[in-house]
Structures are given as structure tokens and as C-alpha cells.
Amino acid sequence: MSNGLLYRNKFVEFDEESMLILRTLLKTDIIPSNEILKIVEKDQFSPAHNERIKVQKISDLNIKLRTLLGVNKEIISSVKSDVDKRIRQYKINKSYFNF
């Protein structure tokens, strides 16, 4: 799993940020939104624009993963934090991945 994922002889390449997000999601059960934001954030953009970039990156990852795996449900999902409902957390369905 260096620059993409292989599933049933199909290979999908991901950019460096996407692979880092995938690795981070697969290491832990749930990660807070700000962890993903740290990966994709660019200093020259406003916080709102960086947030849009993060959401778009997660959406793109989901589309590529669904296409690769041939499923219609979201592989990466977001949930509200139990501690603070304003905070979004992300988790990945690990049942599709072998470690």
C-alpha cells in the first residue's frame, strides 16, 4: 500500500494526501476532523476553504474506494463526537481491508 490499493487485480492510484488519510483512518477506529484537516490544509487558503478541501478529499476517496470495491455504501463515514456534537469524526469500514 504505497501509492494505491489493489483489489481483485484492479489497482487504483491515490495521491500522497489521500494515502496518508487512508493510513491514518486504518490505524485507529475514529479520528477527529482536525487530524484530516492537518493533512490537507494549505496556509494560503482561508479556514473555510481548507474545510471544503477536506470534505472534497473525503468525498473523492469514498468514490474511488466504492468504485474499486464495487459497493454502493460509504466506506468512510463521519459521525458527531459524543463529547462535543459540533466536532465531526471520521471512521472507515475496516471489513474491506486486509492487514
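Before any of the text, the structure's been laid out above.
Conventions used here
- Residues numbered from 1 in each chain as written.
- Predicted model: local features only at pLDDT ≥ 70, side-chain atom pairs only at ≥ 80, totals over all residues.
- Heavy atoms only, no water.
- Axes fitted to C-alpha atoms, helices over the stretch in contact; angles between N-to-C directions.
- Helix = DSSP H or I, 4+ residues; strand = E, 2+ residues; numbered from the N terminus.
- Parallel < 35°, antiparallel > 145°, perpendicular 65-115°, else oblique.
- Contact = heavy atoms within 4.5 Å.
- Nonpolar A, V, L, I, M, F, W, Y, C, P; charged D, E, K, R; others polar.
- Buried < 20%, exposed > 50% of the residue type's maximum accessible area, 1.4 Å probe, protein only.
- Core = buried A, V, L, I, M, F, W, Y, C linked by side-chain atoms within 4.5 Å.
- Pairing = 2+ DSSP bridges.
- Expected span 1.5 Å × (residues − 1).

Caption draft 1: Fine view of the packing of helix α1 (residues 16-27) against helix α3 (residues 47-69). Running from N to C, α1 and α3 point in directions that differ by 80 degrees, and their axes come no closer than 11 Å. Classified by the angle their axes make, α1 and α3 are roughly perpendicular. Here E17, S18, I21 and L22 of α1 come into contact with α3, specifically with K57, I58, L61 and L65. Residues belonging to the contact of α1 with α3 are distributed by class as follows: 5 nonpolar, 1 polar and 2 charged.

Caption draft 2: Just the environment of K54, in detail. With respect to the helices, strands and loops of the structure, K54 is situated in helix α3. A relative accessible area of 1% means that K54 is categorised as buried. Along the backbone, K54 and N93 are 39 residues apart, and their C-alpha atoms lie at a distance of 19 Å. In this view, K54 contacts S33, I36, L37, V40 and Y90; residues no more than four positions away in its chain are not counted.

Caption draft 3: Layout of the nonpolar core. Counting residues in each nonpolar core, the largest one holds 24 residues, and the members touching the most others are F14, I21, L22, L65, I76 and I92. Once you skip the residues sitting within four places of it in the chain, I76 turns out to touch L25, I58, L61, N62, L65, Y90, K91 and I92.

Caption draft 4: Fine view of the sheet that holds strand β5 (residues 88-92). Spatially, the 3 strands line up as an open sheet ordered β3-β5-β4, and their pairing is antiparallel. What marks the edges here is a single partner per strand, and that holds for β3 (31-32) and β4 (76-80). As paired elements, β4 and β5 share 5 bridges and run antiparallel to each other. In the sheet register, V79 faces β5, and the bridge partner there is Q89. Contacts between α1 and the sheet are confined to β3, β4 and β5, with β5 contributing the most and set at about 85 degrees to the helix. Each of β4 and β5 is contacted by α3, which is oriented at about 135 degrees to β4, the strand it contacts most.

Caption draft 5: Fine view of the environment of V79. By the secondary structure assignment, V79 is in strand β4. In the structure, V79 is positioned 11 residues away from Y90 in sequence and 6.3 Å away in space, judged by C-alpha atoms. When residues no more than four places from it in sequence are discounted, the contact partners of V79 are I87, R88, Q89 and K91.

Caption draft 6: Broad picture of α3. For α3, with 23 residues, the first-to-last C-alpha span of 33 Å sits near the 33 Å given by 1.5 Å per residue. If you check which residues of α3 are buried, you get N50, K54, K57, I58, L61, N62, L65, L68 and L69. Check the buried side of α3 and you find it contacts β1 (4-7), β2 (10-13), α1, α2 (33-40), β4 and β5. Once α3 finishes, G70 follows within two positions and takes phi at roughly 70 degrees, a positive value.

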